[in-house]
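Below, each chain spelled out in residue letters.
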Amino acid sequence: MERLSVFPTKTYLCPTMSDKKVRVRFAPSPTGGLHLGGVRTVLFNYLFAKKYKGDFVLRVEDTDQGRYVEGAEKYIMDCLNWCGLIPDESPIAGGQYAPYRQSERKAIYREYAERLVSQGHAYYAFDTPEELERNRKEIPNFQYGHAYRNGLRNSLSLKTHQVQQLLDGGEPHVIRIKMPEDETIHFYDMIRGNVSFETGQSDDKVLLKADGMPTYHLAVVVDDYLMKITHAFRGEEWLPSAPVHLLLWEYLGWKADMPQWAHLPLILKPDGHGKLSKRDGARLGFPVYAMNWLDEKTGDLTPGFRELGFLPEAFLNLLAMLGWNDGTDNEIFTLDELIEKFSMERVHNSGAKFDFEKAKWFNAEWIKRSEGGSLKSEVRKILGDKGIVASDDEYLISLIDLVKERCTLLPDFYHQLSYFYEQPKEYDLNAVKPKWTDAKTEFFKSFISLLGKREDFLAPDLEQSFKFLAEEKGLKAGELMLPFRIMLVGGKFGPHVFDIAALLGKEETIKRIEKAQPLLNPPL
RNA sequence: GGCCUGUUCGUCUAAUGGUCAGGACGCAAGAUUUUCAUUCUUGAAAUAGGGGUUCGAUUCCCCUACGGGCUACCA
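So, here is what we can say about the structure in this document.

Conventions adopted
- Residues numbered from 1 in each chain as written.
- Chains lettered and ligands numbered in written order.
- Predicted model: local features only at pLDDT ≥ 70, side-chain atom pairs only at ≥ 80, totals over all residues.
- Heavy atoms only, no water.
- Buried < 20%, exposed > 50% of the residue type's maximum accessible area, 1.4 Å probe, protein only.
- Helix = DSSP H or I, 4+ residues; strand = E, 2+ residues; numbered from the N terminus.
- Right-handed = clockwise from strand over helix to strand, strands pointing away.
- Arc of directions from axis to C-beta.
- Contact = heavy atoms within 4.5 Å.
- Polar contact = N/O pair within 3.5 Å; in protein donor to acceptor, adjacent residues only side chain to side chain.
- Salt bridge = Lys/Arg side-chain N within 4 Å of Asp/Glu carboxyl O.
- Phe/Tyr/Trp six-rings, centres within 6.5 Å; stacked < 30°, edge-to-face > 60°.
- Lys NZ or Arg CZ within 6 Å of the ring centre and 35° of its normal.
- Core = buried A, V, L, I, M, F, W, Y, C linked by side-chain atoms within 4.5 Å.
- Near = heavy atom within 4 Å.
- Nonpolar A, V, L, I, M, F, W, Y, C, P; charged D, E, K, R; others polar.

**Overview of the pairing of strand S3 (residues 55-58)**
Item 1. Burial along S3 is two-sided: the face carrying Asp55 and Val57 and the face carrying Phe56 and Leu58 are both buried.
Item 2. Note on the crossover from strand S2 (residues 23-26) through helix H1 (residues 36-51) to S3: the handedness is right-handed.

Dropping the structure here:
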């Protein structure tokens, strides 16, 4: 039994010690929105590349014409832009190894597939999908492999002249890899360590489809080679097909240039079992895609983290912590810090259930830590969508800084800020009315005239005179503050009431007290 | 079913052949804030089970159970 061993040494693991420039790629297929797990794969690729001053390549795997979705590629680019994970090479940016769309590289793949056929590592297969379907149905555990391939219609079972005849006659066919019956394949995964497979377990994967397009298996190997990819990171769902890829690297004579592999753990449903899917988001009420995704055909809108009010920094941060940590208790990292601290060896090897509560906590932390100035255009947009024009930059920034620790998601700013721009539409009267007295009415009358005489309008001064006046009238300041708040804000929330009054300004504060008075003093 | 892969509080995770098994989210209680939120303090909460190896195993090995992935002319 021949043994194909691909055991890189430990030293090969440290890319800085290799003379090759680090090159990684993210290779999505444009079939829809960009999933959480996809963004995390991008992130880990990006972090690794930037840590070692390497290149991050975006390659579009659009080889499945049946599943191709118009607009998906642009959407993916937009997501990466929003996250700030900008590829060094891509279909849009171009690059030395263009084109970066596999559909545009179609001609390349056939050449390598034919080469494999002539070397005896692959073969033509003429079986129709219907025939295969029937086999799968009739034969338990049917696999197109060493056990059955001789009974099927392919260039291994057919006579040479028959094959030639079929080929010449334009008979639809695919090219399949000929998996060895009895070899053990070992390889080193940067996350999992040594992994091994028996080649006989895998079927003879299609390499080149009848339409001339390559399957993922062929395309990924050819392109990774041609694009000089040094490290191939992808989701764990690819682990079982790794032996096919390893064999291809070997058969094509490129083994020395094979990238280092790492299979990233999956992101799982918070409840129940299985991979996190688009449907789980809808079912459980949280986004699964990075940004809103509109399906043109059905008109279905799948919500995204961006539109829900996540900061890209928080989004990246929470994704990074799903399966990775730096070994300390720190959980908040900027992109630059992640680049500095990241290491593939510290990535967990088991799947992580997604926890939306924790995701929100990350966002709240990031909002709290952000300067009002950096949040202002987002907040302005949120207010604008609700018809509030926040034109004064300086004013808006001071408002944001005042309330940001009360906000978890960006849209929370509307609730926390709208009353600064417009009078309360409703008042939580139940909170004050039962305890209302004429003495309180009297107090606010005096307070208004007191305010009218003020030159300045600063929070501490307001508080002082408010309390002083209360004492003068023989009232408890504490019992007056909640009514005051309701008059200004409408409800039991928000920052210190005197901060609110100060920001509202003299005239507006007086106006609001006056407006609210009749509500508390119904006419007799 | 077969193959691969995994298993520490409910969840994300740290750590070590000898620790009171640490942190975070969430939850609960309390303090501060005469609102809400923040903040602070405290609490409940975990090494899947069984065998080995060992003076000692959560850590190393084996088995079982359970989870997950793959098993397409999809990626």
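**A few points about unusual backbone geometry**
Item 1. Of the consecutive residues alanine 98 and proline 99, the connecting peptide bond is found in the cis state with omega at 0°.
Item 2. Mapped onto the fold, proline 99 is located in the loop between helix H2 (72-83) and helix H3 (106-118).
Item 3. For lysine 53, which is not a glycine, the phi torsion comes out positive at approximately 55°.
Item 4. Looking at the secondary structure, you find lysine 53 in the loop between H1 and S3.
Item 5. Of note, asparagine 141 is a non-glycine position whose phi angle comes to about 55°, a positive value.
Item 6. With respect to the helices and strands, asparagine 141 occurs in the loop between helix H4 (129-138) and helix H5 (160-168).

**A few points about helix H14 (residues 393-403)**
Item 1. Every buried residue belonging to H14 is among Leu396, Leu399, Ile400, Leu402 and Val403, and all of these are buried. Along the long axis of H14, the arc covered by the buried residues comes to 160°, so they all point the same way.
Item 2. Against helix H13 (372-385), helix H15 (412-421) and helix H19 (497-504) lie the buried residues of H14.
Item 3. If you check the start of H14, you find a side-chain oxygen 3.0 Å away from the backbone N of glutamate 394, and it comes from aspartate 392.

**Quick look at the pattern of salt bridges**
Item 1. Counted by the stated rule, this structure contains 38 salt bridges.
Item 2. Arginine 25 serves as the salt-bridge partner of aspartate 224, at 2.9 Å between the closest nitrogen and oxygen. You can see aspartate 224 sitting in helix H6 (residues 216-226) and its partner arginine 25 sitting in strand S2, a full 199 residues away along the chain. Neither residue differs from the other here; aspartate 224 and arginine 25 are each classed as buried.
Item 3. Note that glutamate 73 and arginine 101 form a salt bridge whose closest N and O atoms lie 2.7 Å from each other. With a gap of 28 residues between them, glutamate 73 in helix H2 and arginine 101 in the loop between H2 and H3 connect regions that are remote in the sequence.
Item 4. When its relative accessible area of 12% is taken as the criterion, glutamate 73 is described as buried.
Item 5. Members of the salt-bridge network, linked through shared partners, are Arg25, Arg59, Glu61, Arg105, Asp223 and Asp224.

**Considering the packing of aromatic side chains**
Item 1. Here the structure, examined in full by the defined rule, presents 37 aromatic pairs.
Item 2. Between tryptophan 324 and phenylalanine 342 the ring centres are 5.8 Å apart and the planes differ by 35°, which places this aromatic pair in the tilted class. In this pair, tryptophan 324 sits in the loop between helix H10 (312-320) and helix H11 (335-341) while phenylalanine 342 sits in the loop between H11 and strand S14 (352-353), placing the two residues 18 residues apart along the sequence. Like phenylalanine 342, tryptophan 324 is buried.
Item 3. Taking the centre distance of 6.2 Å and the plane angle of 45° together, the rings of phenylalanine 444 and phenylalanine 484 count as tilted. Pair noted here: phenylalanine 444 is in helix H16 (residues 438-452) and phenylalanine 484 is in helix H18 (residues 477-489), with a separation of 40 residues, a long-range link.
Item 4. Here the aromatic residues Trp82, Phe286, Phe305, Phe310, Phe315, Phe354 and Phe356 are joined through ring pairs into a cluster of three or more.
Item 5. The ring of tyrosine 144 has arginine 176 lying over it, and the distance from NZ or CZ to the ring centre is 3.7 Å.
Item 6. Residue placement shows lysine 386 over the ring face of tyrosine 414; its charged tip is 4.7 Å from the ring centre.

**Re the nonpolar core**
Item 1. Ranked by size, the top nonpolar core spans 112 residues in total, and within it Phe315, Met344, Phe354, Phe413, Leu417 and Phe484 carry the most contacts.
Item 2. Among the elements that line this core, the one with the most residues is H1, at nine residues.
Item 3. Sequence-distant contacts of phenylalanine 354, defined by excluding residues within four places in its chain, comprise Leu36, Ile267, Leu268, Pro270, Leu276, Phe286, Phe305, Leu318, Leu322 and Ala359.
Item 4. Counting residues in hydrophobic clusters, the runner-up holds 37 residues, among them Ile177, Tyr216, Ala219 and Trp254.

**Section: the side chain of threonine 230**
Item 1. Within the fold, threonine 230 resides in the loop between H6 and strand S9 (231-235).
Item 2. Look at threonine 230 and you get buried, because its relative accessible area is 8%.
Item 3. Separated by 2.8 Å, the side chain of threonine 230 and the backbone nitrogen of arginine 23 make a polar contact.
Item 4. Among all residues touching threonine 230, those that are not within four sequence positions of it are Lys20, Lys21, Val22, Arg23, Pro259 and Gln260.

**Let's talk about the protein's contact with RNA strand B**
Item 1. Inspection of the region around RNA strand B gives 63 residues, with Lys209, His273, Glu331, Arg406 and Gly478 positioned closest.
Item 2. Close to the protein, within 4 Å, the atoms of RNA strand B are drawn from sugar and phosphate at a rate of 71%.
Item 3. Within the contact set of RNA strand B, a sugar or linking oxygen lies 3.1 Å away from a side-chain nitrogen or oxygen of arginine 67.
Item 4. In the model, a sugar or linking oxygen of RNA strand B is placed 3.1 Å from a nitrogen or oxygen of the glutamine 201 side chain.
Item 5. Put simply, the parts of the chain that give the surface near RNA strand B at least two residues each are H4, strand S5 (174-177), strand S7 (193-198), S14, helix H12 (356-369) and H18.
Item 6. Partitioning the surface near RNA strand B into residue classes produces 21 nonpolar, 17 polar and 25 charged.

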